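What follows is the residue order along each chain.
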Amino acid sequence: MGGGRLRLTRYKRTSLSAAATAGLLAAGLLTATPAAAAIEPPQPNIPSNLTIEPAPKNGTGGSDCGWVRRSIQGVVLSATLSTPEPAGGINAVLRLQDVTAPGSPWTEKTTDVPVANNSNAQFYLGQLEDGHTYNWTVQARVQDKLSDVATGCRFTVDTTSPQVVVTSTDFPSNGSPPRKGIGQTGVIHIAPAPGTEDIVCYRLSLGDIPVGTPCTATPDASGKYDLKLTPSDWGTYDLRVDAIDRAGNFSWTTSYRFYVPYGTVDPWTVCDTVNGHKLCGPMLDRYQELKQADANYPAPAGDVVATRDGAGRYVALADGSQLVWSIRYGVHPVATAATALWAGGDAWFGYPTEDPRRLDARGYTQQFERATVSWTPETGAHTTFGGIGSAWGVSLLGYPTGEESDMGDGRGRKQTFEKGVIVWSPQTDARPLIGEIGRVWLRNPFAYGYPRNQEAVLGDGVGRRQEFENVMIYWSPRTGAHEVHGGIWTRWWQLGNETGFLGYPVSDESSLGRSRYNEFERGTIYWTADGGAHEMHGGIRARWIQIGGPEAVGFPVTDEMPTSDGRGRYQVFDHGSIFWTPQTGAVELYGGINAAWASQGWNSGRLGYPTVGEYPVPGGRRGDFEGGYILWVQATGRTEIHYY
């Protein structure tokens, strides 16, 4: 076979049934090892310590835990599993019901990997439906035995962050003249934005709010709070407001910037002419400050212009940059590279909240109200914001090379950077993709799904791995990056993954007939719907390929295994088997010759191991063994055993 492969249709091929395969394993190969008595698995205990993460808040008591806030990993349900005596592993069976919709069915999930006795089993449910209420139960399972049902408390998901509106006629933020000055008490009104109904407290600060600051103001039943303020100095004030809802969700910090005059004197009436253009008030003060720090600071190139929303003003400078004032954030320069994006205040990302600052030797960044603008001479200026903006780091990814855009599936967002891409979805949050793993994912993003985590260094300190919704992608310097998933990944993981004898994957999953397979450094795993996933390696794999693979004996239905005498190795396939010893090499057996060899005791019989696979002889076919040969007679369809 191989280069001069025989046509197997010249005689009747006999496929091994399940019973025949069992006979092969028992009668010929496992006779030296008596079968162990079946061990009755222990009855698992009812699960304990049922918990929900994030922890629910503001429940009504009894079976109602309350509201669960949004988190990056979503809702995680866990329980402690145990048995009265040691067991090989315990699985958890979760049943979940969305009770918001009448008649909603229970859905069932089982943990993929069993846990040890007295260990926690966890279910990562992702982002459940906002505003929906869920019941849940857990059972422990050891093989076919189930524990009694443990019932978790009901919880309601609230993933919507509260929103806040801040207004004041005494200290307006929209450019209108203040009604109050130094030493005068005014009121700032804080209220939920339309659609927000569940604010339980506020954190207030004139300036940054330190992490961990407790609530400083309790609203009335409608969520409103009136802050009474008596300024002791004139100038620009910045009131920061955080709202916290019943589930513990935090709002984005609302910054309310307002101006307090010194009595009746308005600083905007103090003006001077610079390079033929009039600058007044805060704009004049900031320009003079910058000019004093840098004698070469560019002069005004035009008059001060009001922005379209009336909340700000700006002036163009001689080098193409601008000075921008807003009532919330005062005066900040906007660099030449960013002025086109800012578009005279028409940009969606609002006013600058800080001066430009250098990120590294190449580029700069500047924070605006709703985004960060970063630039280098090579990449130009681009915004980052939201989840993608939070996940970006210049040392890992370099500078943005484009704006955030839709993935095209109606679900996710992406943004490209010099060294990779960041992708985001509501279920997985924002994750960076770099190097070869990122390039492999970009070839088939919708099939692979969104990344669940960042690229991680493996235990050997060399390889990398990143988990996606539907696949795992592994990389090493020797093999490059390749995806593994489903039954093949599960079997590879059971065999030790990259630290096992197969090593790293060297191909993506591919198809061969009715099978799927992945090549690894030292072998292959094949999967079929009826046979499952099985590895092949070494001489048996080489012989299987040489004789035609699935066309000769089908796909593997077992992994490679040792023979009962410890001398050889063998593997069973759909229509035969391949045996290997150091002395004989790998030899295939099937059909009538295989059946005759089995009848005399397989390798334990007088014939010993096969030495040559079937080959044609006058009147039939022959297979050679250590202690003789078997002849199949075409005219009669019968076999003859000949001993030496």
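Let us look at the structure shown here.

What counts, and where the lines are drawn
Residues numbered from 1 in each chain as written. Predicted model: local features only at pLDDT ≥ 70, side-chain atom pairs only at ≥ 80, totals over all residues. Heavy atoms only, no water. Helix = DSSP H or I, 4+ residues; strand = E, 2+ residues; numbered from the N terminus. Rg over C-alpha atoms; globule rule 2.2 N^0.38 Å. Contact = heavy atoms within 4.5 Å. Lys, Arg positive; Asp, Glu negative; His and termini not counted. Charge placed at Lys NZ, Arg CZ, Asp CG, Glu CD. Polar contact = N/O pair within 3.5 Å; in protein donor to acceptor, adjacent residues only side chain to side chain. Disulfide = S-S within 2.5 Å. Buried < 20%, exposed > 50% of the residue type's maximum accessible area, 1.4 Å probe, protein only. Phe/Tyr/Trp six-rings, centres within 6.5 Å; stacked < 30°, edge-to-face > 60°. Lys NZ or Arg CZ within 6 Å of the ring centre and 35° of its normal. Pairing = 2+ DSSP bridges. Axes fitted to C-alpha atoms, helices over the stretch in contact; angles between N-to-C directions. Salt bridge = Lys/Arg side-chain N within 4 Å of Asp/Glu carboxyl O. Arc of directions from axis to C-beta. Core = buried A, V, L, I, M, F, W, Y, C linked by side-chain atoms within 4.5 Å.

## Quick look at the overall build of the chain
Along its length, the chain carries eleven helices and 46 strands. Taken over the C-alpha trace, the chain has a radius of gyration of 36 Å; the compact-globule value for 644 residues is 26 Å, which it surpasses by more than 25%. Projected onto the principal axes, the alpha-carbon positions of the chain cover approximately 120 × 60 × 40 Å. Considering only residue pairs separated by 6 or more positions, the chain has 49% of its internal contacts joining residues 24 or more positions apart. The average position of the 54 basic charges and that of the 65 acidic charges among the side chains of the chain differ by 5 Å.

## Quick notes on the side chain of N518
Checked against the element boundaries, N518 lands in strand 36 (residues 515-520). A distance of 3.2 Å separates the side chain of N518 from the backbone oxygen of E483, its partner in a polar contact. A distance of 2.8 Å separates a polar atom in the side chain of N518 from the backbone oxygen of S507. Excluding residues within four positions of it along the chain, N518 makes contact with E483, V484, I488, S507, D508, E509, G523, T524 and I525.

## A word on the state of the cysteines
For the coordinates displayed, the defined rule picks out three disulfides. Here C65 connects covalently by a disulfide to C153, the sulfurs 1.4 Å from one another. Looking along the S-S bond of the C65-C153 disulfide, the torsion reads about -85°, which is the left-handed sense. Taken as a pair, C65 in strand 3 (residues 64-68) and C153 in strand 10 (residues 150-157) lie far apart in primary sequence, 88 residues in all. Among the residues examined, C65 registers a relative accessible area of 22% and is labelled partly exposed. Two residues, C271 and C280, share a disulfide whose sulfurs are 1.9 Å apart. Looking along the S-S bond of the C271-C280 disulfide, the torsion reads about 105°, which is the right-handed sense. For C280, a relative accessible area of 13% translates into the label buried.

## Some details on the packing of aromatic side chains
Considering all chains together, one arrives at 27 aromatic pairs under this definition. Between Y256 and F258, the ring centres sit 5.8 Å apart and the planes meet at 40°, which makes this aromatic pair tilted. Each member of the pair, Y256 as well as F258, is classed as buried. Ring centres 6.3 Å apart and planes at 25° place the aromatic pair W489 and W493 in the stacked group. Of this pair, W489 and W493 both sit in helix 8 (residues 486-494), four residues apart, roughly one helical turn. Residue W489 is classed as partly exposed on the basis of its relative accessible area, which comes to 23%. By the ring-pair criterion, three or more aromatic residues cluster together here, those being Y517, Y526, W544, F555 and F573. Above the plane of the ring of Y629 lies R622, whose end atom (NZ or CZ) is 3.7 Å from the centre.

## Topic: the sheet that holds strand 46 (residues 639-643)
Ordered by their spatial adjacency, four strands build an open sheet running 43-44-45-46, and the pairing between neighbours is antiparallel. On the outer flanks of this sheet lie strand 43 (610-617) and strand 46, each paired with one strand and no other. With strand direction ignored, the average angle separating the axes of adjacent strands in the sheet is 15°. Inspection of the sheet shows strand 44 (residues 620-625) paired to strand 45 (residues 628-633) by six bridges, in the antiparallel sense. Directly across from G623, in strand 45, lies its bridge partner I630.

## A closer look at the pattern of salt bridges
Taken as a whole and judged by the stated rule, the model has 29 salt bridges. Its salt-bridge partner being K145, residue E40 comes within 2.9 Å of it at the nearest N-O pair. Placement of the pair is E40 in the loop between helix 1 (18-29) and strand 1 (48-53) and K145 in strand 9 (residues 145-146), with a sequence separation of 105 residues. For E40, a relative accessible area of 56% translates into the label exposed. Residue classification places K145 among the partly exposed positions, given a relative accessible area of 22%.

## Notes on helix 9 (residues 538-546)
Listed in full, the buried residues belonging to helix 9 are I540, R543 and W544. Summarising the axial view, the buried residues of helix 9 lie within an arc of 100°, below the 170-degree limit, and thus occupy one face. Just downstream of helix 9, G548 is the residue with a positive phi angle, here 110°.

## With respect to the nonpolar core
V75, L77, L125, W136 and F155 are the most contacted members of the largest nonpolar core, which totals 22 residues. When contributions to this core are tallied by element, the ones reaching two or more residues are strand 4 (76-81), strand 5 (91-98), strand 7 (119-124), strand 8 (133-142) and strand 10. By residue number, the principal contributor to this core is strand 8, which donates five residues. Among the nonpolar cores identified, the runner-up in size contains 18 residues, and I190, A217, L229 and V241 belong to it.

## Observations concerning helix 11 (residues 591-599)
All of the buried residues along helix 11 are G591, I593, N594, A596, W597 and A598. Residues of helix 11 that are buried make contact with strand 41 (576-581), strand 42 (585-589), strand 43, strand 44, strand 45 and strand 46. Looking one or two places after helix 11, you find G601, whose phi comes out positive at around 105°.

## A look at the pairing of strand 25 (residues 372-376)
The buried count for strand 25 comes to five of five residues, which makes it a mostly enclosed element. The alternating pattern of strand 25 places T372, S374 and T376 and V373 and W375 on opposite faces, both of which are buried. Of the pairings in the sheet, the one linking strand 24 (residues 364-367) to strand 25 comprises four bridges and is antiparallel in character. If you follow T365 over to strand 25, its bridge partner there is S374. What sits between strand 24 and strand 25 in their antiparallel hairpin is a turn of four residues. As consecutive antiparallel partners, strand 25 and strand 26 (residues 380-384) are separated by three residues.

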